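What follows is the residue order along each chain.
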There are 2 protein chains.
Amino acid sequence: MSRKNDKRSRLVDAADKLIYQQTFNSTTLADIATLADVPLGNVYYYFKTKEDILKAVIQKRTANLEEHFAAWEKLPSTKERLVAFIEQSATDAETTARFGSELGSLCQELSKNSSEISELTTNMMRSVLAWVEKQFKSLGKGERSLTLAEHLIARLQGVSLLTLTFKDPSFLQQQSKTLESWIETV
Amino acid sequence: MSRKNDKRSRLVDAADKLIYQQTFNSTTLADIATLADVPLGNVYYYFKTKEDILKAVIQKRTANLEEHFAAWEKLPSTKERLVAFIEQSATDAETTARFGSELGSLCQELSKNSSEISELTTNMMRSVLAWVEKQFKSLGKGERSLTLAEHLIARLQGVSLLTLTFKDPSFLQQQSKTLESWIETV
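Residues numbered from 1 in each chain as written. Chains lettered and ligands numbered in written order. Predicted model: local features only at pLDDT ≥ 70, side-chain atom pairs only at ≥ 80, totals over all residues. Heavy atoms only, no water.

Digging into the pattern of salt bridges
Close approach of charged atoms allows side chains of opposite charge to pair.
Phase 1 of the analysis: On inspection of all chains with the given rule, the structure shows 20 salt bridges over all chains.
Phase 2 of the analysis: For Lys177(A), the salt bridge is made with Glu87(A), and the minimal N-O distance between the two is 4.0 Å. Taken together, the positions of Lys177(A) in helix α10 (residues 169-185) and Glu87(A) in helix α5 (residues 78-91) put the pair 90 residues apart, joining distant regions of the chain.
Phase 3 of the analysis: Of the charged contacts in the structure, one is a salt bridge between Asp16(B) and Lys60(B), with a shortest N-O distance of 2.9 Å. Of the two residues, Asp16(B) sits in helix α1 (residues 3-22) while Lys60(B) sits in helix α4 (residues 50-73), which places them 44 residues apart along the sequence.
Phase 4 of the analysis: Bridged by salt links that share partners, the residues Asp13(A), Asp16(A), Lys60(A), Arg61(A) and Glu102(A) form one connected network. (Salt bridge = Lys/Arg side-chain N within 4 Å of Asp/Glu carboxyl O. Helix = DSSP H or I, 4+ residues; strand = E, 2+ residues; numbered from the N terminus.)

What to know about the relation of the copies chain B and chain A
Two chain copies, one operation linking them: a rotation about an axis together with a shift along it.
Phase 1 of the analysis: Once turned by 180° and shifted 0.0 Å along the axis, chain B lies on chain A with an RMSD of 0.0 Å. Expressed as a symmetry operation, the mapping of one chain copy onto the other fits a two-fold axis. Among all residues of chain B, the one whose C-alpha sits closest to the rotation axis is Gly158(B), at a distance of 2.0 Å.
Phase 2 of the analysis: Comparing interface residues between copies, 100% of those in chain B also lie at the interface in chain A; the contact surface is shared. (Least-squares fit on C-alpha atoms with pLDDT ≥ 70 in both. Contact = heavy atoms within 4.5 Å.)

Remarks on the interface of chain B and chain A
Phase 1 of the analysis: With 39 residues of chain B at the contact, the number on the chain A side is 39 residues.
Phase 2 of the analysis: Together, the buried faces of chain B and chain A total about 3,200 Å²; carbon and sulfur atoms form 65% of this surface.
Phase 3 of the analysis: For the chain B face of the interface with chain A, the top three residues by lost area are Gln108(B), Lys112(B) and Phe166(B), together amounting to 22%.
Phase 4 of the analysis: Here chain B and chain A share zero salt bridges between them.
Phase 5 of the analysis: Summed over the shared surface of chain B and chain A, the number is twelve residue pairs in polar contact (both at pLDDT 80 or more).
Phase 6 of the analysis: Contributions of two or more residues to the side of chain B that touches chain A are made by α1, α6 (93-99), α7 (102-110), α8 (116-138), α9 (145-165) and α10 (169-185) of chain B.
Phase 7 of the analysis: Ranked by the residues each element gives to the side of chain B that touches chain A, the list is headed by α9(B), at twelve residues.
Phase 8 of the analysis: The residue makeup of the side of chain B that touches chain A, split by class, is 14 nonpolar, 18 polar and seven charged. (Buried area = accessible area lost by both parts, 1.4 Å probe. Polar contact = N/O pair within 3.5 Å; in protein donor to acceptor, adjacent residues only side chain to side chain. Nonpolar A, V, L, I, M, F, W, Y, C, P; charged D, E, K, R; others polar.)

Some details on unusual backbone geometry
All names here are of chain A.
Phase 1 of the analysis: Even without being glycine, Lys-167 reaches a positive phi, approximately 50°.
Phase 2 of the analysis: By the secondary structure assignment, Lys-167 is in the loop between α9 (145-165) and α10.
Phase 3 of the analysis: Residue class for Lys-167 comes out partly exposed when judged on its relative accessible area of 34%. (Buried < 20%, exposed > 50% of the residue type's maximum accessible area, 1.4 Å probe, protein only.)

Considerations on the packing of α5(A) against helix α8 (residues 116-138) of chain A
Residue and element names in this part refer to chain A.
Phase 1 of the analysis: Interhelical geometry of α5 versus α8 gives an angle of 150° and a closest axis separation of 9 Å. Between α5 and α8, the angle falls in the class roughly antiparallel. The handedness of the crossing between α5 and α8 is left-handed. Across from Thr-78, Arg-81, Leu-82 and Phe-85 in α5, the residues of α8 making contact are Val-128, Trp-131, Val-132, Gln-135, Phe-136 and Ser-138. (Axes fitted to C-alpha atoms, helices over the stretch in contact; angles between N-to-C directions. Parallel < 35°, antiparallel > 145°, perpendicular 65-115°, else oblique. Left-handed = near helix turned anticlockwise from the far one by under 90°.)

See the structure below:
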């Protein structure tokens with residue numbers, strides 16, 4: 001990777017971390033430059049605005065999500081894929097108790113303003129929903145698949161919010177087990 | 001009400017609205033002063049910091065919540081109380097599709113920083129949870145009451161987040177009906 005790309009990706013990684021840990025609105029370009037160890041003046045060479053860095057962060061997160069989907073699709077059964085999706089949340093329980101759901105908190109914050117940026121986070125949530133719906137379809141749930149996908153994602157998002165609010169990772173772990181049992185019986 | 005209190009309450013009302021509509025982090029004291037039609041210099045007479053106004057907003061929201069609890073407790077049956085609690089969310093569906101859950105979005109935003117302020121929002125969520133748990137206890141659910149209360153609140157919060165993300169009030173209305181049926185069968 002060239003030195004130029006290295007700086008750009010350091011900025012994106014720093015922005016990704018800060019946006020998650022302290023919200024988009026309270027993160028400044030200066031915070032991002034400091035964490036990335038890139039002079040503030042150089043930031044403008046790569047990104048004109050904070051919104052531009054956010055777009056790159058969402059691109060990175062989307063690629064990461066697609067890698068997860070691809071890995072889970074290699075699992076032998078559909079139920080195992082859905083369980084892997086739920087277990088991913090449980091694995092992140094400690095971080096969720098500190099900062100909430102990465103996707104959920106960004107949707108919560110940015111959707112308050114209808115903008116091009118909030119459309120990008122909405123599209124990420126739409127991808128998650130579509131992937132989960134596809135799994136329920138492959139379980140033969142037909143027209144109920146979307147409702148089941150919405151149910152699963154709403155529960156995971158609500159549980160993540162309570163995990164964050166009460167700073168209690170065990171709540172997410174225990175609720176993930178409940179959701180995995182629900183998958184077995186659905 | 002004295003002129004002095006009138007200015008103070010105008011500031012709290014303006015802060016309440018702006019914090020909900022555009023997040024706490026992106027709301028400035030100047031925004032609040034403008035909406036309240038109070039000169040910025042006067043704001044400091046009532047509140048030293050934005051955190052101080054937030055404390056007053058949370059106090060006001062807590063009082064409002066307790067009024068709701070008191071009104072619902074006058075309903076003849078426990079199930080009607082729980083249905084009224086759920087229907088409150090459905091009534092707010094249009095606003096939720098624009099700005100999310102008032103309590104949920106504040107918890108999501110402020111819990112990322114452990115602070116005195118985030119403790120206050122956690123306490124509000126704890127009050128909601130305790131009230132719902134009390135209703136399940138009065139339905140004879142014993143030790144399962146807390147789990148049922150967590151389930152109901154997590155689902156409502158998750159549904160609110162998806163309602164906001166997809167800007168779709170009908171999703172919250174329809175999911176409220178599903179939750180009301182769940183209450184009937186629980």
